[in-house]
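# Examination of the molecular architecture
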Amino acid sequence: MLKFLIQTVTLIPGDGIGPEISTAVMKIFEAAKAPIQWEERNVTAIKGPGGRWMIPPEAKESMDKNKIGLKGPLKTPIAAGHPSMNLLLRKTFDLYANVRPCVSIEGYKTPYTDVDLVTIRENTEGEYSGIEHLIVDGVVQSIKLITEEASRRIAEYAFEYARNNQRTSVTAVHKANIMRMSDGLFLRKCREVAENYKDVKFTEMYLDTVCLNMVQDPSQFDVLVMPNLYGDILSDLCAGLIGGLGVTPSGNIGAHGVAIFESVHGTAPDIAGKDLANPTALLLSAVMMLRHMGLHGHAKKIETACFDTIREKKVLTKDLGGNSKCSEFTADICRRVQDMD
Amino acid sequence: MMAAALRGRLVTLAKGLSGARLQPLCARSLSVTSSQNVSESPPARADSTFKVTMVPGDGVGPELMTAVKEVFKAADVPVEFEEFHLSEVQNMASEEKLEEVLSSMKNNRVAIKGKIHTPMEYKGELASYEMRLRRKLDLFANVVHVNSLPGYSTRHNNLDLVIIREQTEGEYSSLEHESVSGVVECLKIITRDKSRRIAKFAFDYATKKGRSKVTAVHKANIMKLGDGLFLQSCAEVAELYPRIKYETIIIDNCCMQLVQNPYQFDVLVMPNLYGNIIDNLAAGLVGGAGVVPGESFSAEYAVFETGARHPFAQAVGRNIANPTAMLLSASNMLRHLNLEYHSNMVSEAVKKVIKQGKVRTRDLGGYSTTGDFVRAVVDNMRHRTV
């Protein structure tokens, strides 16, 4: 039997239902004998020297050392003084690519049954640069920033991802007919990078055409790469196609090999601590993490167990249409994983 | 004998009426028929026909316009089209042409058009012809009617949404510059005046059509100043319409909700880019770009077109485009011109063809051509029970 090197992963349970779904994931990984060791950390912002907000140094050290992280939902406090935690994490680790694979879940029926695509979103600039000005009273200008560097980086990541995951095509989504300079630059970079990846098919499509076709026939799409705002919208649109944020995995890739995988739903404070939460999103993100680390065998095992449980419909949590507890759902998956050995 | 006497009386009548005293009153030539009071059931062709500017545009635009003309001819619609061929990609673009189109539109006040395609390369001017037309005529409101077609099933049936989009500012301001090589800035402009104007348009529209809810779509959690101003303007206007429910939703959540449960929405109002996205998304929900009509309004002008605006270049010359959207939009145009009777005739014929399901273009899963569809519509109009 292959002996795997135990790798340490930083675990950020998060708030609300975060801790219980993290525990669920840890249990399932243990049952699957995945060679993962967890290092739990808290990332609530603290004020560092100089008055700037930052994440606690232990958390940063841990991430820099381990490179891989798994994160639950973080609450965004209003009037806490510090910026959104997600934004802080993004800036700290330069998480430039947000990757969301959307695959229809057999057993969780939606009107769209043949979805199998991946959205790759540039996560550092674009419309979310946060640069806004009040020019005169009643006139506001928001600046969308597109740089050559960031566009090239995201395009390269998209093609690498396509190659490493046996995907056949990459489609650049843009609005270069309207934003001729900015999206034009983005598109040019994508075309240039495509030249170096002749084994992957490259196409371009307008954002509105993508939306039009996505809701009619999502099976025509494979890997989509796009700037920040379009990525935000399309990734949520695709999540809606397969059943919502409760079943969608997500990964953030940063510079220097850092990668943080997360569930993108909210903290659900109303059901926190009541053993009612659905750990699927975090579990599928953890599976994505295993694949990123090259542990495809374990990833497949856990993913299959999860999908089988959902397909059987016997122990589903409330949001999936059942009446079971989180612990029951988790136990069922653990049992299946152990049976597979 | 009777006839002679009658003729004699008519002549006297005519002479008398053209006499010096009555001359100023009847400046027009007198005809016998119009002196008889005939009550009109289908409105008789009045002396004047309505003049409408027509800009076929690119791609399948010309084919769709032909469909409209054929149907109008068969229905004997009192509309005369003034055609202009303006295109950025076919080398038919020039400032003079644009001016001609603008003055025709200003004269006629009503227009029907196809999509004028915007090429990605630009020669100096960042704004496309479409954008410039919209700005010069101040066509600030774009209204798209998303209605499921009876007889054509999609994943979501019985949809009835109205999408109202501000289309003169926002992300389409065409204000871009390269600060240093490799760093490009694109400005998105939001003003209080235009936001208020579109919000008022949306609420007025909802009131007029008896709709119950208006939802504003935004991304104010990220673009706090820009979309924040838009939201604030909508909220201010909402207070003047206490009978209409007002809600807000973030654009990414809105897209997700539209594919999971679109029935929760009624009228949606939003800035430019989100409008483009939602128009197309919603069109896809009921059958695609070939079935959704749309129109653009300014304070004085109305332009009728399709809801999802694509030139569909790959279909040119193949006779496969679906004219439903353009025909339904043309029907809306007739209603706008107060030609209720003709409007209903056209829209009912189109809907009947779709419902019968025998003649369907490719986008709806059939094999019929554009011509087949138009013929079926014309047949349905001729054989309707009055």
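Residues numbered from 1 in each chain as written. Chains lettered and ligands numbered in written order. Predicted model: local features only at pLDDT ≥ 70, side-chain atom pairs only at ≥ 80, totals over all residues. Heavy atoms only, no water.

Applied cut-off: UniProt positions are given in the numbering used here, feature names are shortened, and annotations may be inferred rather than shown by experiment.
Where an unreviewed UniProt entry is consulted, chain B appears under the name Isocitrate dehydrogenase [NAD] subunit, mitochondrial, with the organism given as Cyprinus carpio. What UniProt records for chain B under Subcellular location (unreviewed entry) is the sentence "Mitochondrion". Here chain B is described in UniProt, under the heading Sequence similarities (unreviewed entry), as follows: "Belongs to the isocitrate and isopropylmalate dehydrogenases family."

An unreviewed UniProt entry lists chain A under the name Isocitrate dehydrogenase [NAD] subunit, mitochondrial, with Cyprinus carpio as the source organism. Under the Catalytic activity (unreviewed entry) heading, UniProt states for chain A: "D-threo-isocitrate + NAD(+) = 2-oxoglutarate + CO2 + NADH". The UniProt entry for chain A carries the following comment under Sequence similarities (unreviewed entry): "Belongs to the isocitrate and isopropylmalate dehydrogenases family."

### Some details on the confidence of the model for chain B
The predicted coordinates ought not to be read in detail in places where the model reports low pLDDT. All names here are of chain B. Counted only if it meets this: Along the chain, pLDDT gives the predictor's confidence residue by residue, from 0 to 100. Two residues form a contact once any of their heavy atoms are found within 4.5 Å.
Per-residue confidence for chain B gives a mean pLDDT of 87, with 85% of residues at or over 70. A low-confidence stretch, residues 17–42 (pLDDT under 50), is modelled with eight contacts involving residues beyond four sequence positions or located in other chains. Scored as a whole, the predicted complex attains pTM 0.88, and scored at its interfaces, ipTM 0.91.

### A look at helix 8 (residues 280–292) of chain A
Residue and element names in this part refer to chain A. Note the following rule: Helix numbers and strand numbers start at the N terminus; a helix is a DSSP run of H or I with at least 4 residues, a strand a run of E with at least 2. A helix is expected to reach a length of 1.5 Å times the quantity of its residues less one. Buried means the residue's accessible area, taken with a 1.4 Å probe over protein chains only, is under 20% of the maximum for its type, while exposed means over 50%, and partly exposed covers the values in between.
Taking 1.5 Å per residue, 13 residues should reach 18 Å; helix 8 reaches 18 Å between its end C-alpha atoms and fits that length. Counting buried positions over the 13 residues of helix 8 gives 11, a clear majority of the element. Among all positions in helix 8, only T280, A281, L282, L283, L284, S285, A286, V287, M288, M289 and L290 are buried. Just downstream of helix 8 lies G294, where phi reads positive at about 90°.

### A look at the packing of aromatic side chains
Our working rule: Stacked, tilted and edge-to-face are the three classes applied to pairs of Phe, Tyr and Trp rings, where Trp contributes its six-membered ring and a pair requires centres within 6.5 Å; stacked means planes under 30 degrees apart, edge-to-face means over 60, and tilted covers the rest. Charge over a ring is defined by NZ of Lys or CZ of Arg lying within 6 Å of the ring centre and within 35 degrees of the ring normal.
Summed over all chains, the structure comprises 12 aromatic pairs over all chains. Relative to Y157(A), the ring of Y96(A) has its centre 6.3 Å away and its plane inclined at 90°; by these criteria the two rings are edge-to-face. With Y96(A) in strand 6 (residues 95–103) and Y157(A) in helix 4 (residues 148–164), this residue pair connects regions lying 61 residues apart in the sequence. Accessibility classification places Y96(A) together with Y157(A) in one group, the buried group. Both rings, one in Y157(A) and one in Y161(A), keep their centres 6.2 Å apart while their planes meet at 45°; by these two values the pair is tilted. You can see Y157(A) and its partner Y161(A) sitting in helix 4, four residues apart, about one turn around the helix. Using a relative accessible area of 14% as the deciding quantity, one classes Y157(A) as buried. In this structure Y161(A) comes out as buried when scored by relative accessible area, which is 13%. An aromatic cluster is defined as three or more aromatic residues linked by ring pairs; in this entry it consists of F140(B), F201(B), Y205(B), F297(B) and F304(B). The aromatic ring of Y96(A) is capped on one face by R153(A), whose charged end is 4.1 Å from the ring centroid. In this structure, R197(B) is placed above the aromatic ring of F140(B), and the distance from its NZ or CZ to the ring centre is 4.0 Å.

### Looking at the packing of helix 8 (residues 251–260) of chain B against helix 9 (residues 272–286) of chain B
Residue and element names in this part refer to chain B. Heads up, the condition is: Orientation is described by lines fitted to C-alpha atoms, with helices fitted over the stretch in contact, and by angles between N-to-C directions that extend from 0 to 180 degrees. Orientation categories follow fixed angle ranges, with anything under 35 degrees roughly parallel, anything over 145 roughly antiparallel, 65 to 115 roughly perpendicular, and all other angles oblique. Gly is placed with the polar residues, together with every amino acid not listed as nonpolar (Ala, Val, Leu, Ile, Met, Phe, Trp, Tyr, Cys and Pro) or charged (Asp, Glu, Lys and Arg).
Contact geometry for helix 8 and helix 9: axes closest at 11 Å, N-to-C directions at 5°. With respect to helix 9, the axis of helix 8 lies roughly parallel. Every residue of helix 9 that contacts helix 8 at I251, C254, C255, L258 and V259 is listed here: Y274, I277, I278, L281 and L285. Residue composition of the contact of helix 8 with helix 9, by class: 10 nonpolar, no polar and no charged.

### Considerations on the nonpolar core
What counts, and what does not: Residues grouped as a nonpolar core are buried Ala, Val, Leu, Ile, Met, Phe, Trp, Tyr and Cys residues, joined through side-chain atoms within 4.5 Å.
Residues M214(A), I112(B) and I164(B) are the most contacted members of the largest nonpolar core, which totals 128 residues. In terms of residue count, the dominant contributor to this core is helix 9 of chain B (nine residues). When neighbours within four sequence positions are excluded, I164(B) is seen to be in contact with N142(B), V143(B), I198(B), F201(B), A202(B), Y205(B), V267(B), L268(B), V269(B) and M270(B).

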